[in-house]
Amino acid sequence: MSFKNLSEFIEELEENNELIRIKEQVSSELEITEITDRISKGPIDQNKALLFENVEGYDIPLLINSLGSYNRLNLAFGVTSLDEIGARISDLLNLKVPDNLLGKLSMVPKLAQVATFPPKTINGPAACQEVVITNPDEKMLDKLPILKCWPSDGGPFITLPLVFTKDPDTGIRNIGMYRLQKYSNNSTGFHVHWHHDAAEHYQKARKEDQGNKESSIKRREEPERHGTEIGQRPGGKFGGLRRIPVAVAIGCDPALVYAATAPLPSMIDETIFAGFLRKKPVELVKCKTIDMEVPANAEIILEGYVDLDELAWEGPFGDHTGFYSLAGDFPVFRLTAMTHRKNPTYMTTIVGRPPQEDCYLGKATERIFLPLLKVIMPEVIDMNLPLEGVFHNCAILKIHKRYPGHAKKIISSVWGSGQMAFTKYVIVVDHDVNVHDLSEVAWRVFANTDPVRDSLTTHGPLDILDHATTIPGIGGKLGIDATVKWKGEGFERNWPNEMIMSDDIKNRVNLKWASLGFN
Ligand SMILES: Cc1cc2nc3c(=O)[nH]c(=O)nc-3n(C[C@H](O)[C@H](O)[C@H](O)COP(=O)(O)O)c2cc1C
Ligand SMILES: [Mn+2]
């Protein structure tokens, strides 16, 4: 099952009793956060997607929490368990050439699948461009019910944007989810962390620009930008004068929305990955005012650019750590156009202390990327990125330990693997431990480890949102080897057995249980 657009997904949610339409008037300022936060943290049978149809001061309805449960994620991907997607990835990675004809034929559908991955650019009219606004005096962002999420937030934030940029050297497209603080009707902040792909595009463009003053001067002749009212503090200057085109899609089919959050290597275009997830290519259309293609079936598109010589004060923002991320200087996104469907829905989320909608997006990543992690670390059996660690702070892995020091090899591998490299705490346990049972993991760690012998510390890049590091984005990391220790690791004592009751006694007690007065 793949959804052509957000409306089809909303229908699916509704048919499965996973969506509540709210007709009562609510405010986009804090009120929707309080409602959604209670729903996210409340009983599971009340945790639904919310479609607010009457947001005070706005005509456009607002969808939130649409991916905020395992059931809704399964509906989004058309699976009964997220591990099915992981299995499809394993399948693709195991493309061994079979020796008989039947085996070879059975590969054909697998290979045919690959052909569906790349996006298709359409020429005809696109749903996302039914309405086109290029006049800066007309309402653009002012039309959207953008949430002010938490009391000390620096302003309203677009929280679920799919941000499109292109690598200035290779032209490879990227989609990342980077929050956008609304500054005015046609400008926002551009909060991309320096580890992420759009930041690399930005840095590459700046570097080229510094090395080529001539071209910078020419670019001065570009049309005047409109809308100058931004953050509370004047921006800094880099001296460069170029700009990078940026497009933003809001409200797409859920596979594409997820793909924007997925920790893919920078050379993989997220639209291709979304094509794999939805088993159908993503349809793109050319933007009206910039050289960029965007999802033809999106609800809303913002077109514009980021000037390489402009920074503005961005934040604070109540973040997914459960704490405010501090304000700082970030680039500015200036709109040249906004296009949208005739009757668009504004798709958004809030983040805060877990559990919340983004936790489920993170859990999708844990399941979908496990097979890829196993390519580098085949000895890994399972992994838990616990909600309390908000994904970057903690990873628990279980392994088939085969040689002395094996767990420490895994810890080092994690610290060298893509976005997992930013993991602050890595815990490795043996194959017989349930990594999803935090109580069991804690018991093993507390009991099985000698902290001096079994911990590995290092210093390196960490998540930008980690507020405990002395310097932003860099700090200490701790790995804990909670596996049983071997003679080969210098452990000469005998390791004690766990106490396990015999089956016949268990059965005997089972039979007596009720007569003992228990139930
Ligand atoms: C709801 C949500 C909000 C996010 N906000 C930001 C953000 O403001 N800035 C950022 O750099 N990453 C943010 N992320 C994380 C990135 O989207 C994620 O790491 C993604 O893989 C980055 O894509 P990239 O590797 O193509 O840059 C957010 C993720 C989610 C799920
Ligand atoms: Mn990317």
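Remember, it's a predicted structure, so these values are computed and weren't measured experimentally.

### Some words on the overall build of the protein
Along its length, the protein carries 14 helices and 23 strands. Considered along the principal axes of its C-alpha atoms, the protein spans approximately 80 × 60 × 55 Å. The burial tally for the protein puts 52% of its 519 residues in the buried class. Sequence-distant contacts, at least 24 apart, represent 71% of the contacts inside the protein between residues at least 6 apart. With the model as given, the accessible surface of the protein reaches about 24,300 Å², and the carbon-plus-sulfur share is 55%. Of note, the protein has its 58 positive side-chain charges centred 4 Å away from the centre of its 69 negative side-chain charges.

### What to know about the sheet that holds strand S3 (residues 62-64)
Read from one edge to the other, the open sheet built from four strands follows the order S1-S2-S3-S18, with strand pairing classed as mixed. Because the sheet does not close on itself, it has two edges, and the strands there are strand S1 (19-22) and strand S18 (346-348). The average angle at which neighbouring strand axes cross in this sheet is 20°, direction not considered. With three bridges joining them, strand S2 (residues 49-52) and S3 adopt antiparallel strand pairing.

### So, the site of ligand 1
Ligand 1 sits among 19 residues. The nearest are Met177, Tyr178, His191, His196 and Asp197. Within the backbone of Arg179, an N or O atom sits 2.9 Å from an oxygen atom of ligand 1. Backbone polar atom of His191 to a nitrogen atom of ligand 1: 2.7 Å apart, as the coordinates give it. For ligand 1, the accessible surface in isolation is 640 Å², of which the surrounding protein chains cover 88%. When residues in the shell around ligand 1 are grouped by element, the largest group, three residues, is from strand S8 (residues 173-176).

### A closer look at the domain arrangement of the protein
Taken domain by domain, the protein holds domain 1 (6-112), domain 2 (115-348) and domain 3 (377-489). Each partner contributes residues to the interface: domain 1 has 29 residues there, and domain 2 has 29 residues. Summing the contributions of domain 1 and of domain 2, the shared interface buries around 2,500 Å²; its carbon and sulfur component is 69%. Run the count over domain 1 and domain 2 and you get zero salt bridges. For the pair domain 1 and domain 2, the number of links is seven residue pairs in polar contact (both at pLDDT 80 or more). Of all the elements in the fold, those that place two or more residues in the side of domain 1 that touches domain 2 are helix H1 (6-15), helix H2 (31-41), S3, helix H3 (70-77), helix H4 (83-93) and helix H5 (101-115). Partitioned by chemical class, the residues of the side of domain 1 that touches domain 2 number 21 nonpolar, five polar and three charged.

### Structural notes on the coordination of the manganese ion (ligand 2)
Put simply, the ideal angle at a metal is 109.5 degrees for four donors in tetrahedral geometry and 90 or 180 degrees for six donors in octahedral geometry. At the metal site, the manganese ion (ligand 2) is ligated by Asn174 (OD1), Asp197 (OD) and Glu270 (OE), and these contacts range over 2.1 to 2.2 Å. Ordering the donors of the manganese ion (ligand 2) by residue number gives the pattern N-x22-D-x72-E. Of this pair, Asn174 sits in strand S8 while Glu270 sits in helix H9 (residues 270-278), placing them 96 residues apart in sequence.

### Notes on H3
With six of eight residues buried, H3 is to be regarded as a mostly interior element. Taken residue by residue, H3 has Arg72, Leu73, Asn74, Leu75, Ala76 and Phe77 as its buried positions. Against the buried residues of H3 lie H1, S2, H4, helix H8 (254-261), H9 and helix H10 (357-376).

### Focus on the nonpolar core
Among the nonpolar cores identified, the biggest contains 56 residues, and Phe77, Leu162, Tyr258, Phe273, Leu277 and Ile368 are the most heavily contacted of them. The leading source of residues in this core is H8, at six residues. Each of domain 1 (6-112) and domain 2 (115-348) contributes no fewer than three residues to this core. Those residues within four positions of Tyr258 in sequence are excluded, and the remaining contacts are Phe77, Phe273, Leu277, Leu361, Ala364, Thr365, Ile368 and Phe369. Residues Val55, Leu180, Phe190 and Ile350 belong to the second largest nonpolar core, which totals 44 residues.

### A word on the sheet that holds strand S23 (residues 474-481)
The strand order across the open sheet built from five strands is S19-S20-S21-S23-S22, with neighbouring strands paired in mixed fashion. In this open sheet, the two strands that pair with only one neighbour each are strand S19 (380-384) and strand S22 (455-461). Neighbouring strand axes in the sheet, compared pairwise and without regard to direction, differ in orientation by 20° on average. Two strands pair when backbone bridges link them, and strand S20 (residues 394-399) and strand S21 (residues 425-430) are joined in this way by six bridges, in the parallel orientation. Among the inter-strand pairings, Ala395 is bridged to a residue of S21, identified as Val426.

### As for the packing of H8 against H9
Contact pair H8 / H9: the axes reach a minimum separation of 9 Å and the direction vectors enclose 135°. Regarding the angle of H8 to H9, the classification is oblique. Considering how the two elements wind past one another, H8 and H9 form a crossing that is right-handed. When H8 is examined against H9, the residues Ala255, Leu256, Tyr258, Ala259 and Ala260 are found in contact with a partner set consisting of Glu270, Thr271, Phe273, Ala274, Leu277 and Arg278. Across the contact of H8 with H9, the residue classes break down as eight nonpolar, one polar and two charged.

### Observations concerning the pairing of S20
Two faces belong to every sheet, and in a regular strand the side chains alternate between them. Within S20, six of the six residues are buried, which leaves it mostly tucked inside the rest of the structure. On S20, burial covers both faces: Cys394, Ile396 and Lys398 on one face and Ala395, Leu397 and Ile399 on the other are all buried. As for the winding sense of the linkage, the β-α-β connection from S20 through helix H11 (residues 406-414) to S21 is right-handed.

### Considerations on H4
All of the buried residues in H4 are Ile85, Gly86, Arg88 and Ile89. Taken end-on, H4 shows its buried residues confined to a sector of 155°, consistent with a single buried face. For H4, the elements touching its buried residues are H3, H5, H9 and H10.

### Thoughts on the packing of aromatic side chains
What the rule picks out here adds up to ten aromatic pairs. With 6.3 Å between their ring centres and 65° between their planes, Tyr178 and Phe190 make a pair best called edge-to-face. With Tyr178 in the loop between S8 and strand S9 (180-184) and Phe190 in the loop between strand S10 (187-189) and helix H6 (197-210), this residue pair connects regions lying twelve residues apart in the sequence. Summarising the burial analysis for this pair, Tyr178 and Phe190 share the class buried. Three or more aromatic residues joined by ring pairs form one cluster here, namely Phe117, Phe273, Phe276 and Phe369. Positioned above the aromatic ring of Phe276 is the side chain of Arg88, whose terminal nitrogen or guanidinium carbon lies 4.1 Å from the ring centre. The lysine or arginine in question, Arg243, covers the ring of Tyr305, its NZ or CZ lying 3.8 Å from the ring centre.

Rules and cut-offs
- Residues numbered from 1 in each chain as written.
- Chains lettered and ligands numbered in written order.
- Predicted model: local features only at pLDDT ≥ 70, side-chain atom pairs only at ≥ 80, totals over all residues.
- Heavy atoms only, no water.
- Helix = DSSP H or I, 4+ residues; strand = E, 2+ residues; numbered from the N terminus.
- Buried < 20%, exposed > 50% of the residue type's maximum accessible area, 1.4 Å probe, protein only.
- Contact = heavy atoms within 4.5 Å.
- Areas by Shrake-Rupley, 256 points an atom, 1.4 Å probe, with all protein chains shown as cover.
- Lys, Arg positive; Asp, Glu negative; His and termini not counted.
- Charge placed at Lys NZ, Arg CZ, Asp CG, Glu CD.
- Pairing = 2+ DSSP bridges.
- Axes fitted to C-alpha atoms, helices over the stretch in contact; angles between N-to-C directions.
- Near = heavy atom within 4 Å.
- Polar contact = N/O pair within 3.5 Å; in protein donor to acceptor, adjacent residues only side chain to side chain.
- Domains from an automatic or database assignment.
- Buried area = accessible area lost by both parts, 1.4 Å probe.
- Salt bridge = Lys/Arg side-chain N within 4 Å of Asp/Glu carboxyl O.
- Nonpolar A, V, L, I, M, F, W, Y, C, P; charged D, E, K, R; others polar.
- Donors = N, O, S within 2.8 Å, 3.2 Å for Na, K, Ca; no water.
- Core = buried A, V, L, I, M, F, W, Y, C linked by side-chain atoms within 4.5 Å.
- Parallel < 35°, antiparallel > 145°, perpendicular 65-115°, else oblique.
- Left-handed = near helix turned anticlockwise from the far one by under 90°.
- Right-handed = clockwise from strand over helix to strand, strands pointing away.
- Arc of directions from axis to C-beta.
- Phe/Tyr/Trp six-rings, centres within 6.5 Å; stacked < 30°, edge-to-face > 60°.
- Lys NZ or Arg CZ within 6 Å of the ring centre and 35° of its normal.

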